[in-house]
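# Examination of the molecular architecture
Now for the letters of each chain:
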Amino acid sequence: MGFLQRLFFTVIAFSSITILAQSDDGIEAEIHSLLSKMTIEEKIGQTSLRGTSSRVDGSLSDELKSAVREGRIGAFLNVMNTDYVKELQKIAVEESPNKIPLLFGRDVIHGFKTIFPIPLGIAATWNKDVAKSGARISALEASSVGIRWTFAPMLDISRDARWGRIAESPGEDPFLASVLAKAYIEGFQGEDLKSSTSMAASIKHFIGYGAAIGGRDYNTVIIHNALLHNVYLPPFKTAIDAGALTLMTAFNEINGIPATGNKFLLKDLLRDELGFNGFIVSDWASVTEMIAHGYARDYEHAAELSIKSGMDMEMSTHAYENSIQKLMDKNLISEKELDFLVANILRVKLKMGLFEKPSFPSNEQNVFYKTEYLEAAKNAAIESFVLLKNEDVLPLSSNQTFAVIGPLADAPHEQLGTWTFDGDKEKTITPVDAFQNSSIDFMFAQGLTYSRDKSTELFEEAISAAENSDVILFFGGEESILSGEAHSRANIDLPGAQEELISKLAETGKPIVLVIMAGRPISIMNIIDKVDAVLMAWHPGTMGGPALFDVLAGISEPGGRLPVTWPKDGAQSPIYYNHKNTGRPADQFNYTNIDDIPIGAWQSSIGNRSHYLDLGYKPHFPFGYGLTYTDFEYSDISISSKSIQVNESVEISAKVKNIGSRKGREVVQLYVQDVVASITRPVKELKGFEIITLNPGEEKTIKFTINPKDLSFVTFNDERVLEPGKFNVWIGPNSSSGINSSFELK
Ligand code: GLC
């Protein structure tokens with residue numbers, strides 16, 4: 001074979017494993033060298049992620065140890081016995097054929113030991129620094145036991161409060177979700193991937209998982225390409241641009257093809273368009289679930305479909321391990337295709353420096369629950385709380401007496417929220433704990449023993465406590481199990497007899513503060529008129545009690561703004577602010593409540609608009625909403641030019657003044673509408689926000705710059721376009737109010 005031919009084949013061989021030859025400081029060459037030495041069995045081994053068969057308790061099976069010794073396993077999840085981590089890693093790096101280190105993964109979603117608010121609560125802070133510090137602290141705690149890979153952040157845009165996994169999501173808006181996505185990657189992975197405290201992120205679930213029909217988990221997803229690019233993709237793109245090392249496929253099919261075997265998603269979109277060059281891991285059994293989907297005939301076919309799509313590592317099931325050799329023998333899969341998968345996995349391990357410094361549990365003591373970690377978790381909770389109603393009852397005054405009532409007032413496990421694997425509930429400080437640690441005079445009468453409790457046995461005691469107190473503090477909501485994976489609810493009201501108890505307590509005439517701990521917006525339309533204040537606390541984590549105490553007492557103010565639209569009822573879902581206008585947009589002039597329709601009304605006598613006769617057309621509270629303990633006034637919106645060229649930016653500003661009596665935090669939000677376009681565009685989209693704190697009477701001018709790229713969108717033929725025309729802009733406190741202006745793009 002001549003020199004030129006050899007050169008040609010070398011280039012081909014090399015390029016088969018090089019997706020994007022960025023400045024990789026020799027990593028691609030190292031990958032190439034390793035692949036040339038590895039047997040087929042070892043290559044298959046790297047694609048195998050062993051699940052809980054690693055037997056966390058009891059002895060470590062010899063079968064497992066010999067599999068590692070022979071290089072037949074590349075990574076583990078849920079191995080929480082540090083002795084096992086040490087033993088398995090030692091076998092891998094000292095005895096396996098090419099000494100390839102293992103990667104140990106875990107769902108470190110919103111904290112490892114120190115538990116932060118659930119991700120939807122973190123999203124409610126709108127604060128990238130809170131998201132980043134929580135992720136960094138999680139990585140510091142988890143990496144100390146050898147965990148260097150987390151299956152987070154979950155970046156699924158969520159528009160349906162019935163969906164249990166909205167709890168884990170960054171909310172409904174692509175702009176806010178993208179800001180958080182970058183912060184999470186920076187927090188989890190840290191500044192140096194080779195640091196022993198860096199934890200590879202796994203952005204998930206790719207893609208469209210939050211659009212499951214009916215909010216029913218795992219269900220069918222239909223998303224056209226423009227919607228995919230304009231709403232669901234942005235947080236993933238931002239995370240990839242921020243250097244996310246791994247990505248997890250979604251359980252769902254999208255447009256008829258399961259994500260885990262979807263070549264368009266995993267190659268054309270992820271690799272070619274977004275330039276992702278980490279590795280892709282399947283979500284639990286999603287490879288073999290393609291059989292149930294009706295997309296794969298059997299395990300071998302499922303493995304073939306996933307491999308052909310470029311899905312690198314199979315979690316928990318063994319389709320790859322048992323099929324790849326057979327597929328190669330049948331020439332259905334080539335070694336080059338296998339090398340592509342293995343190269344992506346090796347690239348991550350090399351980037352993390354695991355060959356030089358394999359991850360072992362550190363022997364450092366007292367890494368968990370450090371004071372500064374607990375303080376960060378408390379602050380995150382405070383900034384996550386969203387004040388939905390306050391009829392002059394908050395903040396409380398210390399000369400009042402309180403009846404602390406409700407199933408979530410002293411529920412250390414529930415308070416931690418969904419996807420809490422390693423946090424110790426014994427470390428949770430509940431609201432009752434916090435009140436007990438204070439000098440406040442209060443009585444505690446649960447009224448209900450858990451959120452779904454239907455028994456009225458304890459009502460009398462609770463009512464008596466209320467009658468003998470000045471103010472009722474009702475801690476209600478959902479047990480943590482009622483949200484999260486597979487836990488969708490059609491009816492999203494307060495479970496059990498909570499509404500009944502609140503109604504009874506309201507009869508005492510005492511003011512009621514309702515604090516909700518839940519993994520989703522809760523329908524409160526039946527009881528909101530019976531309470532004087534409503535504070536959404538999400539599931540606030542380890543320090544939820546002290547955080548709630550400080551906010552209720554006015555030591556701090558609730559900082560949160562809704563990251564999702566809050567429906568009146570689950571039946572309104574999916575409901576979201578950045579909706580389309582439709583040809584018959586709803587408005588108050590064309591809406592007649594069902595109970596107000598005249599008997600015998602003529603067919604077209606009431607408004608022919610897009611609304612529900614019984615629930616109307618507005619949510620209970622809009623995206624971006626949240627009250628404070630002061631008031632802000634917006635004025636003097638101004639725009640740098642009423643007409644700009646496509647290569648010019650435009651500056652929009654407004655004055656914001658604290659017209660209340662307390663220092664306050666405000667999330668100033670910028671929304672834009674593309675009024676007419678070649679495909680219909682949302683009635684408004686968040687394009688910027690700024691968190692400010694103003695003293696009473698203080699006024700500040702907030703400025704936003706809109707660049708033309710911010711106004712572009714993807715059309716159905718995959719093109720990103722920028723179209724001339726009129727754009728409306730708003731600056732305000734949430735998605736449904738604010739002051740507005742407009743400009744023309746020429
Ligand atoms: C679960 C979840 C995924 C999680 C994985 C490992 O089924 O869908 O988010 O990371 O399995 O626990």
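Criteria and cut-off values
- Residues numbered from 1 in each chain as written.
- Predicted model: local features only at pLDDT ≥ 70, side-chain atom pairs only at ≥ 80, totals over all residues.
- Heavy atoms only, no water.
- Helix = DSSP H or I, 4+ residues; strand = E, 2+ residues; numbered from the N terminus.
- Buried < 20%, exposed > 50% of the residue type's maximum accessible area, 1.4 Å probe, protein only.
- Contact = heavy atoms within 4.5 Å.
- Areas by Shrake-Rupley, 256 points an atom, 1.4 Å probe, with all protein chains shown as cover.
- Lys, Arg positive; Asp, Glu negative; His and termini not counted.
- Charge placed at Lys NZ, Arg CZ, Asp CG, Glu CD.
- Salt bridge = Lys/Arg side-chain N within 4 Å of Asp/Glu carboxyl O.

### Examining the overall build of the protein
Each helix and strand counted, the protein has 22 helices and 26 strands in total. The principal-axis extent of the C-alpha atoms belonging to the protein is close to 90 × 65 × 55 Å. By the burial criterion, 60% of the 746 residues in the protein qualify as buried. In the protein, of all internal contacts separated by at least 6 residues, the share reaching a separation of at least 24 is 78%. Carbon and sulfur atoms make up 50% of the accessible area of the protein, which totals about 28,000 Å². Each charge class in the protein can be summarised by its mean position, and for the 70 positive and 95 negative side chains these summaries are 5 Å apart.

### Focus on the pattern of salt bridges
A side chain with one charge may pair with a side chain of the opposite charge, provided their charged atoms come close. All told, the structure shown has 35 salt bridges when counted by the stated rule. With its nearest N and O atoms 2.9 Å apart, the salt bridge here joins K308 to E337. In this pair, K308 sits in helix α13 (residues 299-309) while E337 sits in helix α15 (residues 335-351), placing the two residues 29 residues apart along the sequence. What makes K308 partly exposed here is its relative accessible area of 32%. Assessed through its relative accessible area of 22%, E337 is described here as partly exposed. A cluster of three or more residues bridged by salt bridges with shared partners is formed by E478, R489, D493 and R520.

### Things to note about unusual backbone geometry
A cis amide bond links F206 to the next residue, I207, at an omega of -5 degrees. At the junction of S573 and P574, the peptide bond is cis and its omega measures out at -5 degrees in the coordinates. Mapping P574 onto the fold places it in the loop between α21 (544-552) and β17 (632-639). Of note in this structure, A285 is not a glycine but carries a positive phi near 60 degrees. Among the structural elements, A285 can be located in the loop between β9 (279-281) and α12 (289-293). For A285, a relative accessible area of 12% puts it in the buried group. Within the chain, Y369 stands out as a residue other than glycine whose phi angle is a positive 55 degrees. By the element assignment, Y369 lies in the loop between α15 and α16 (371-384). Residue Y369 is classed as buried on the basis of its relative accessible area, which comes to 12%.

Fair warning: the whole summary comes from geometry, so function is off the table for now.
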